[in-house]
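Observations on the model geometry
In case you want the letters, here they are:
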Amino acid sequence: MADLKALEHPTLKVPYELLNKRFRAAQKTIDREVSKTQIAIDDLDRCLQSSTVTVGQMKTALDGVVEKLTFLKRKSEESIQEETDAAYVCKKRIEHLKEYEVSHPTQEAQWKKKRLDRMLVEYFLRCGYYRTSLQLAEHSEIQDLTNIDLFLMSKEIEESLERHETTACLQWCHDNKSKLRKMKSTLEYNLRQQEFIELVRQDQRLEAVGHARKYFTLTEESQLSVVQRVMGLLAFPKDTSLEPYKSLLDENRWHSLVEQFRYENFKLYQLSNTSVFGISLQAGLSALKTPHCYKSDGSGKNTDCPVCSKHLNELAKDLPYAHCAQSR
């Protein structure tokens, strides 16, 4: 079970985080709608206590209560359904992991094949092969055992940043505000900086000043020097060759924002920057790697050794050798 604990942490952590997120969102939504419903009920109480209330006023108050209760019921059902779906994914993944403990040798082989497919799906998603990963997940019937939805959501935000759009990423920052604050994330601040830079690039300098007044007034002391440098763009043309202003106007800053979003999205769900497939492959190659696999004359190579094969030999080149206390 040691390898399961080491490799399957993201399998349970991601759906748990999604369940936790939906629970908190549902709680806020229901509290907000209950508050609105209570206001409507208070209005109805005032109508009942008034001696001069008309039939029309009473009808309006009653309609308001019915409308708020109907809306509360619909929102509650939607929120509960979203929580139930997230809980179902957690349950299905737990059941899948428990199968390994009670499976027979034949079933164990099938389970390991399914785990390999899950690793490959995640690896393809990280590499951007979304269609391939979806086809493999569908073929192996493991859609509920993979984090496809998370990566597809990330794909949409990354593509919007590549189009020089910040709205989707800012919404993601808002949805995960509390956790990003605990992580001391600077992503939202960097997005606001980039919006300012784009306004300067478009010669909308008055709008840039207004943007700075709105988003840079509560700047922390540690970020003050960065803001001062960015504000200095107002005094230079957009084609300046003077540093650091030339670098601030560089289009590659958008790629840096994509990388920062990807890193913080992984960190939010406690995902490693390296895929589980990559980690497992490296561990396996390192466990089999010996100096004989790299003899220049090829005399020590074994046809049954994976590391001695051409492509895997190149992949294992920078990995440490296996520690062998006895000869194999």
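Note: the structure precedes this text.
Notes on the structure in this doc start here. Computed from a predicted model, the values in this text were never measured in an experiment.

**Let's talk about the overall build of the protein chain**
When its secondary structure is counted, the protein chain shows 15 helices and 0 strands. Rg of the C-alpha trace for the protein chain: 28 Å, well past the compact-globule value of 20 Å for 328 residues, more than 25% over. Each principal axis of the C-alpha distribution contributes one length, and for the protein chain these read about 105 × 65 × 35 Å. Counting across all 328 residues of the protein chain, residues that qualify as buried make up 36%.

**A look at helix α13 (residues 253-268)**
One turn of an α-helix holds 3.6 residues; hence residues three or four places apart share an orientation. For α13, with 16 residues, the first-to-last C-alpha span of 22 Å sits near the 22 Å given by 1.5 Å per residue. Among all positions in α13, only W254, L257, V258, Q260, F261, E264, N265, F266 and L268 are buried. Those residues of α13 that are buried are in contact with α4 (105-127), α6 (148-162), α7 (167-175), α8 (177-182) and α9 (187-201). Positive phi shows up at Q270, right after α13, with a value of about 55 degrees.

**Comments concerning the nonpolar core**
Across soluble globular proteins, nonpolar side chains show a tendency to be buried alongside one another. Grouped together as the largest cluster of nonpolar side chains are 30 residues, with contacts concentrated most on V121, L161, C169, W172, L187, L191 and F261. For this core, the secondary structure elements donating two or more residues are α4, α5 (130-140), α6, α7, α9 and α13. Ranked by residue count, the leading element in this core is α13, at 6 residues. Not counting the four nearest positions on each side in its chain, V121 is found in contact with S133, L136, A137, I142, T146 and I148. Counting residues in hydrophobic clusters, the runner-up holds 14 residues, among them Y189, V200, F216 and Y245.

**Thoughts on empty space enclosed by the protein**
Counted by the stated rule, this structure contains 1 cavity of 30 Å³ or more. Looking at the largest cavity, its volume works out to about 180 Å³. Among the residues making up the lining of the largest cavity, the classes are represented as 8 nonpolar, 3 polar and 4 charged.

**Overview of the pattern of salt bridges**
As enumerated under the stated definition, the model contains 20 salt bridges in all. Put simply, D43 and R46 hold a salt bridge, and the shortest N to O gap is 2.2 Å. On the criterion of helical spacing, the pair formed by D43 and R46 is a turn pair, its members being 3 residues apart in helix α2 (residues 9-49). The shortest N-O distance in the salt bridge between E195 and R192 comes to 3.0 Å. Of this pair, E195 and R192 both sit in helix α9, 3 residues apart, roughly one helical turn. Given the relative accessible area of 17%, E195 is considered buried. When its relative accessible area of 15% is taken as the criterion, R192 is described as buried.

**Some words on the packing of α9 against helix α11 (residues 224-231)**
Two numbers describe how α9 lies on α11: the axes approach to 10 Å, and their chain directions differ by 15 degrees. As far as their axial angle goes, α11 and α9 are roughly parallel. Two packed elements cross with a definite hand, and for α9 against α11 that hand is right-handed. Contacts from Y189, Q193, F196 and I197 in α9 reach V226, V227, V230 and M231 in α11. Of the residues in the contact of α9 with α11, the class split is 7 nonpolar, 1 polar and no charged.

**Observations regarding helix α10 (residues 205-215)**
Of the residues making up α10, those classed as buried are A208, H211 and A212. Projected onto a plane normal to the axis of α10, the buried residues spread over an arc of 100 degrees and lie on a single side. Opposite its buried face, α10 presents the exposed residues L206, R213 and K214, each directed more than 90 degrees away.

**Comments concerning the state of the cysteines**
The tally for this structure, following the rule as stated, stands at 0 disulfides. Here C169 stays free of any disulfide, with the sulfur of C173 as its closest cysteine sulfur at 4.7 Å. Classification of C169 as buried rests on a relative accessible area of 0%.

**Focus: the packing of α9 against α10**
Two elements in contact, α9 and α10, have axes whose closest approach is 8 Å; the angle formed by their N-to-C orientations is 165 degrees. With respect to each other, α9 and α10 are oriented roughly antiparallel. You can see that α9 and α10 cross each other, and the crossing is left-handed. Contact residues: α9 offers R192, E195, F196, L199 and V200, while α10 offers R205, E207, A208, V209, H211, A212 and Y215.

Conventions used here
- Residues numbered from 1 in each chain as written.
- Predicted model: local features only at pLDDT ≥ 70, side-chain atom pairs only at ≥ 80, totals over all residues.
- Heavy atoms only, no water.
- Helix = DSSP H or I, 4+ residues; strand = E, 2+ residues; numbered from the N terminus.
- Rg over C-alpha atoms; globule rule 2.2 N^0.38 Å.
- Buried < 20%, exposed > 50% of the residue type's maximum accessible area, 1.4 Å probe, protein only.
- Expected span 1.5 Å × (residues − 1).
- Contact = heavy atoms within 4.5 Å.
- Core = buried A, V, L, I, M, F, W, Y, C linked by side-chain atoms within 4.5 Å.
- 1 Å grid on protein atoms, 1.4 Å probe; cavity = no way out; pocket = protein on both sides within 12 Å on 5 of 7 lines; lining within 4 Å.
- Points joined across faces, edges and corners; volume = space filled by probe spheres on them.
- Nonpolar A, V, L, I, M, F, W, Y, C, P; charged D, E, K, R; others polar.
- Salt bridge = Lys/Arg side-chain N within 4 Å of Asp/Glu carboxyl O.
- Axes fitted to C-alpha atoms, helices over the stretch in contact; angles between N-to-C directions.
- Parallel < 35°, antiparallel > 145°, perpendicular 65-115°, else oblique.
- Left-handed = near helix turned anticlockwise from the far one by under 90°.
- Arc of directions from axis to C-beta.
- Disulfide = S-S within 2.5 Å.

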